[in-house]
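For reference, the chains in residue letters:
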Amino acid sequence: EYREVCARLCGEGSRLVDRPDFESVLAEVPSVSYDTLVSIHSQDCVSRLRQAHGVHRRPGRLEAYCERWRRGESLVDLSEALDFPPCSLARLVLPALLGPGVQS
């Protein structure tokens, strides 16, 4: 049952920046509580965010993101394109934009 719920919440094609439809999963798997669904989704998000963070913090990628921002692309648009939460992206990009000695 756990794997079934995971597949519905976090399966192929799910994006880190999107909220799953908890109500439809509850209708399909009524034996699982809403709190359990949120907990499973939260664990998946943390795991995927940790993996993605290592990729996005590489200096070459950060400079590319900064350049896209300088050309007028918003951090929200960047985060959507990268499937990476906007607040996490801002924490990576702002120190790169503001220069050394600035911490987020």
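Criteria and thresholds
Residues numbered from 1 in each chain as written. Predicted model: local features only at pLDDT ≥ 70, side-chain atom pairs only at ≥ 80, totals over all residues. Heavy atoms only, no water. Salt bridge = Lys/Arg side-chain N within 4 Å of Asp/Glu carboxyl O. Helix = DSSP H or I, 4+ residues; strand = E, 2+ residues; numbered from the N terminus. Buried < 20%, exposed > 50% of the residue type's maximum accessible area, 1.4 Å probe, protein only. Arc of directions from axis to C-beta. Contact = heavy atoms within 4.5 Å.

A.B. asks: Tell me about the pattern of salt bridges, residues and numbers included.
C.D. replies: In the structure shown here, the tally under the stated rule is six salt bridges. We note a salt bridge from Arg48 to Asp44, for which the minimum N-O separation is 3.0 Å. A residue pair is termed a helical-turn pair when its members lie 3 or 4 positions apart in one helix, as Arg48 and Asp44 do in helix α3 (residues 34-56) at four residues. The exposure classification of Arg48 matches that of Asp44, with both residues buried. The shortest N-O distance in the salt bridge between Glu67 and Arg70 comes to 3.6 Å. Pair noted here: Glu67 and Arg70 are both in helix α4 (residues 59-70), with a separation of three residues, about one helical turn. For Arg70, a relative accessible area of 44% translates into the label partly exposed. The network of salt bridges with shared partners includes Glu4, Arg8 and Glu28.

A.B. asks: Talk me through helix α1 (residues 2-10); I want residue IDs and the actual numbers.
C.D. replies: Listed in full, the buried residues belonging to α1 are Val5, Cys6, Leu9 and Cys10. Viewed along the axis of α1, the buried residues span an arc of 100°, placing them on a single side of the element. Turned more than 90 degrees away from the buried face of α1 sit Arg3 and Ala7, all of them exposed. Its buried side turned inward, α1 meets α2 (22-28) and α3.

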